[in-house]
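Notes for the structure review
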Amino acid sequence: MIDADKLAYLGRPRRIWAVAACHGDIARLDQIHIALAEKFRVGDRLIYCGDYLGGGDPTGTIDRLLAFRTYMLAAPGMIAGDLVYLRGIQEEIWSKMLQIQFAPNPQEVLNWMLERGAEATLKAYGGESRIGLAAAREGAMAMTRWTNGLREAIRQQPGHNQFMSALRRAALTEETDDGPLLFVHAGIDPARSFAKQGDSFWWGAGAFQKTAAPFESFKRLFRGSDPAGEGLRLDGYAVTLDAGCGNGGPLIAAAIMPDGRIVDMIKA
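Predicted model only: the values in this text are computed from it and were never measured.

Considering the arrangement of structural elements, one finds Thr121 in helix 4 (residues 106-124). For the pair Thr121 and Ile93, spaced 28 residues apart in the sequence, the C-alpha separation amounts to 10 Å. Sequence-distant contacts of Thr121, that is, excluding residues within four places in its chain, are made with Leu53, Gly54, Pro58 and Trp94.

See the structure below:
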């Protein structure tokens, strides 16, 4: 059974365009969108592989994604399910920050989040880390007031709440004789079944490249982020599309056939 609240089901697409993690780099994302506007065809699917936040211009990135979604869905034959947005590490961290008052040691957890990219997202929504850390020292009520303020700041950005609610953990194509394709943000744990991956899609990056065929029935695996920054890997069973966008490298969008072949690539 496919849990539609957590996973995106792609059916049998003509091609799948997968966009690697952009880390708030709106200039490169704009270039990808310009090229996709020319290359995308009805029957294709478009997957963004997470980490829209955590660097560059986080709120501007979401605005760009929403604007391009509106443009794409205006084309005859397009439906909402043709565009998929995966939850990345940064979106997972941000989601947990909004619930940090429930953490047993909020000050320590908040510092950990800030050191791993959440500072940029916090500033983008008008928050200040010093106020959050002061609230963490005061206690749960002060933390709740602080996170409520952040939630209100998100609500003031049109479409941002809805965007965050629409993020999916992974995406997969329809089962065929060759097996479906699987798209994730950063990782999987090959020692667990697909149904029990849990947070491995974000924190299982170290095991991803070690995954050998077959992982369950999947024909090929694709991810859009490599936290270790080891670069593109387009051969083999487990494919990495992260070329270092946000750290000086280009942003990649790859066109993938239902049999797992990469047939086109945009580099910005």
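The strand order 1-5-6-7-8 describes an open sheet built from five strands, whose pairing is mixed. Whereas interior strands pair on both sides, the edge strands pair on one side only; in this sheet they are strand 1 (7-9) and strand 8 (238-240). Between one strand axis and the next, the sheet turns through 20 degrees on average, direction left out of account. Bridging between strand 5 (residues 170-172) and strand 6 (residues 181-184) involves three bridges; their strand directions are antiparallel. Paired with Ala170 across the bridge in strand 6 is Val184.

A word on the pattern of salt bridges. A complete count under the given rule lists 16 salt bridges for this structure. Note that Asp44 is salt-bridged to Arg15, the shortest N-O span being 2.8 Å. In this pair, Asp44 is assigned in the loop between helix 1 (26-39) and strand 3 (45-48) and Arg15 in the loop between strand 1 and strand 2 (16-19), connecting sequence segments 29 residues apart. Measuring nitrogen to oxygen at the nearest pair gives 2.8 Å for the salt bridge that ties Glu92 to Lys96. Taken as a pair, Glu92 and Lys96 lie in helix 3 (residues 89-97) at a separation of four residues, close to a single helical turn.

Parameters and conventions
- Residues numbered from 1 in each chain as written.
- Predicted model: local features only at pLDDT ≥ 70, side-chain atom pairs only at ≥ 80, totals over all residues.
- Heavy atoms only, no water.
- Helix = DSSP H or I, 4+ residues; strand = E, 2+ residues; numbered from the N terminus.
- Contact = heavy atoms within 4.5 Å.
- Pairing = 2+ DSSP bridges.
- Axes fitted to C-alpha atoms, helices over the stretch in contact; angles between N-to-C directions.
- Salt bridge = Lys/Arg side-chain N within 4 Å of Asp/Glu carboxyl O.

Interpretation note: all reported values are geometric properties and have no functional meaning in isolation.
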